[in-house]
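# Report on the structure
Okay, here's what each chain looks like letter by letter:
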Amino acid sequence: MPDQELAWTQEIVPLRNWLNKQPHLPHDVEDVLLHRFYLSCHKSLERAKRTMDLFFTMRSSTPDLFCKRDPCSAEIRKVFEITDMLPLPTRTKDNYNVFIYRLREPDLDMFSFLDAVKTFFMLIDTRLTEEHDIPSGEIPIFDAANVSLKFVGKVNLSVLRKYMMYTQEAVPVRLKQVHVINSPSYIGKIFALCKPFLKNEVAKLIKFHEPNSETLYTDIPKDILPEEYGGACGSVDQIKRYWIKRMEAKRNWFLENDKNWFVEESLRPANCRDEKIEKIRDLPGSFRSLALD
């Protein structure tokens, strides 16, 4: 791999040079993250610049999601107790990474949408900064088996909007497919929450699968899934423990990252403002929960 690493290190030199000249952006950024921006933007330097600026700006503008991120805190540990967030160890034949997200229990009394999104972003950061074998794409699978209509009442509209904007426009990944499995009859009502914030090209990637169906296996090889889904890549708990340990080993990085990746808006050059950057300022700051009629 040394020759490959040398090649992509040379590829990102122009992006690194540009970043080091931006007074408002952080400079202490891992090479692998820069390369992800470059690849996810189809090796367009100008697009990578804009996406990177949006990435850091959104993080600085959303402190509730990107500050005080301690993987050993009670809040984060509680999220892992009541949810499963699983980047799978084996990729598809097209080199796509598969990620499973599910609620472990239908009881939502202890569920915090804000903490769940924060934890999800911490997992993303772990992969973005440590995964040197960059996948060619991402495939999230959302298991709706334990999702009831009460889930709607747990959703913070402001957090949802920021989550959708950040994951669709700022995170340096190529989304290839989106699957919702064990979809209940009322999935349309839950999907209606996200639809106003979905980009058309992302909406076209979503496939819904009914309970007890095997239609998922048309797109995802069964053997790369956890044992609980009929696969052979280990159990859900084994995979989750692995990622919890990875995050906890990165604890100092998370605690320092709050200030290391801060954007200083007062130093932003006039030519580094565009429509998306300005739109961030219009995002609501309060975390308002939706109410069920």
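First things first, this report covers the structure right here in the doc. It should be emphasised that the depicted structure is a prediction, and the values quoted were computed from it without experimental measurement. Per-chain numbering applies: the sequence of each chain, read as written, is numbered from 1 onward. Note on the predicted model: pLDDT of at least 70 is required for a residue's local features to be given, and 80 or more for side-chain atom pairs to be given and counted; whole-chain, interface and lining totals, by contrast, use all residues. Excluded from the side-chain calculation are hydrogens and water; included are all heavy atoms of the structure.

Secondary structure elements follow DSSP: runs of H or I of four or more residues count as helices, runs of E of two or more count as strands, with numbering from the N terminus. Helices and strands together make up the secondary structure of the protein chain, namely 14 helices and five strands. The C-alpha radius of gyration of the protein chain comes to 19 Å, within 12% of the 19 Å expected for a compact globule of 293 residues. Taken over the C-alpha atoms alone, the protein chain extends approximately 55 × 50 × 40 Å along its principal axes. Classification of residues uses two cut-offs on accessible area relative to the type maximum, computed with a 1.4 Å probe and protein chains only: under 20% is buried, over 50% is exposed, and between them is partly exposed. Counting the 293 residues in the protein chain, one finds 50% classified as buried. In what follows, residue pairs with any heavy atoms lying within 4.5 Å of each other are defined as contacts. Of the contacts formed within the protein chain by residues at least 6 apart in sequence, a portion of 79% connects residues at least 24 apart. Approximately 14,500 Å² of the protein chain is accessible, and the part contributed by carbon and sulfur atoms is 51%. Between the averaged position of the 43 positive side-chain charges in the protein chain and that of its 43 negative side-chain charges there is a distance of 3 Å. Each radius of gyration reported is based on C-alpha atoms, and the globular scaling rule is 2.2 Å times the count of residues to the power 0.38. For every accessible area listed, the method is Shrake-Rupley and the probe measures 1.4 Å; residues are considered covered only by the protein chains on display. All tallies of charge rest on Lys and Arg as positive and Asp and Glu as negative; His and the ends of each chain are not included. Charge coordinates come from a single atom per side chain, which is NZ of Lys, CZ of Arg, CG of Asp or CD of Glu.

Another point: the nonpolar core. Only buried residues count toward a nonpolar core. Its members are Ala, Val, Leu, Ile, Met, Phe, Trp, Tyr and Cys residues joined through side-chain atoms within 4.5 Å. One finds Phe-55, Phe-111, Phe-121 and Phe-151 to be the most contacted residues of the largest nonpolar core, which totals 82 residues. By residue number, the principal contributor to this core is helix α7 (residues 113–130), which donates 10 residues. Those residues in contact with Phe-121 that lie beyond four places of it in its chain are Leu-65, Phe-66, Arg-69, Tyr-163, Tyr-166 and Thr-167.

For this analysis, a salt bridge means a side-chain nitrogen from Lys or Arg found within 4 Å of a carboxyl oxygen belonging to Asp or Glu. Enumeration according to the criterion identifies 25 salt bridges in this entry. We note a salt bridge from Arg-77 to Glu-248, for which the minimum N-O separation is 3.6 Å. Highlighted residues: Arg-77 in helix α6 (residues 74–82) and Glu-248 in helix α12 (residues 236–249), separated in sequence by 171 residues. Among the residues examined, Glu-248 registers a relative accessible area of 27% and is labelled partly exposed. Across the pair Arg-91 and Glu-131 runs a salt bridge, and its minimum N-O distance is 3.8 Å.

Buried within helix α2 (residues 13–20) we find Leu-15, Arg-16, Trp-18 and Leu-19. The buried residues of α2 all sit within an arc of 160 degrees when viewed along its axis, so they share a single face. Lining the buried residues of α2 we find α3 (31–40) and α4 (45–60). Directions drawn from the helix axis to the C-beta atoms are what define this arc.

So, on to the packing of aromatic side chains. Under the pairing criterion, centres of Phe, Tyr and Trp rings, with the six-membered ring standing for Trp, must be within 6.5 Å; the plane angle then separates stacked pairs below 30 degrees from edge-to-face pairs above 60, leaving the rest tilted. One pass over the structure, following the stated rule, counts 19 aromatic pairs. With centroids separated by 5.2 Å and ring planes inclined at 80 degrees, the aromatic side chains of Phe-56 and Trp-261 adopt a geometry described as edge-to-face. Linking Phe-56 in helix α4 with Trp-261 in the loop between α13 (251–260) and α14 (275–281), this pair joins segments that are 205 residues apart in sequence. Ring-pair connections join several aromatic residues into one group, and the members of that group are Phe-37, Phe-55, Phe-56, Phe-66, Phe-99, Phe-120, Phe-121, Tyr-163, Tyr-166, Trp-253, Phe-254 and Trp-261. When the NZ atom of lysine or the CZ atom of arginine is within 6 Å of a ring's centre and also within 35 degrees of its normal, the charge is said to sit over that ring. A cation sits over an aromatic face here: Lys-250 above Trp-253, 4.3 Å from the ring centre.

Next up on the list: the pairing of strand β2 (residues 96–103). Here β2 lies mainly inside the structure; eight of its eight residues are buried. What you see with β2 is no split at all: Tyr-96, Val-98, Ile-100 and Arg-102 on one side and Asn-97, Phe-99, Tyr-101 and Leu-103 on the other are buried throughout. By the bridge criterion, five bridges tie strand β1 (residues 83–87) to β2 in an arrangement that is antiparallel. Bridging across to β2, Met-85 finds its partner in Tyr-101. The criterion for strand pairing is that DSSP finds at least two bridges linking the strands in question. Examined bridge by bridge, β2 and strand β3 (residues 137–143) share seven bridges and lie parallel to one another. Each residue of the ladder has a partner; that of Phe-99, found in β3, is Pro-140.

This next bit is on the sheet that holds strand β4 (residues 178–181). The sheet built from five strands is open, its strands ordered β1-β2-β3-β4-β5 with mixed pairing. Edge positions in the sheet fall to β1 and β5 (206–208), since each has one partner strand and no second. Direction aside, neighbouring strands of the sheet carry axes that sit 15 degrees apart on average. Simply put, an axis is a line fit to the C-alpha atoms, just over the touching stretch for a helix, and the angle between two N-to-C directions goes from 0 to 180 degrees. The strands touched by α7 are β1, β2 and β3; relative to β1, the strand with the most contacts, the crossing angle is about 15 degrees.

Attention shifts here to the environment of Arg-91. Structurally, Arg-91 can be placed in the loop between β1 and β2. Looking at Arg-91, the relative accessible area reads 18%, which means it is buried. Expressed as a C-alpha distance, the spacing of Arg-91 and Ile-224, which sit 133 residues apart in the sequence, is 7.1 Å. If we ignore the near neighbours within four places in the chain, the residues touching Arg-91 are Tyr-96, Asn-97, Glu-131, Asp-133, Ile-134, Pro-135 and Ile-224. The definition of a polar contact used here is a pair of N or O atoms within 3.5 Å, where within protein one atom must be able to donate a hydrogen and the other to accept one, and adjacent residues in sequence count solely through side-chain atom pairs. In terms of polar contacts, Arg-91 uses its side chain to reach the side chain of Asn-95, at 3.0 Å. Of note is the side chain of Arg-91, whose polar atom sits 2.5 Å from the backbone oxygen of Asp-133.

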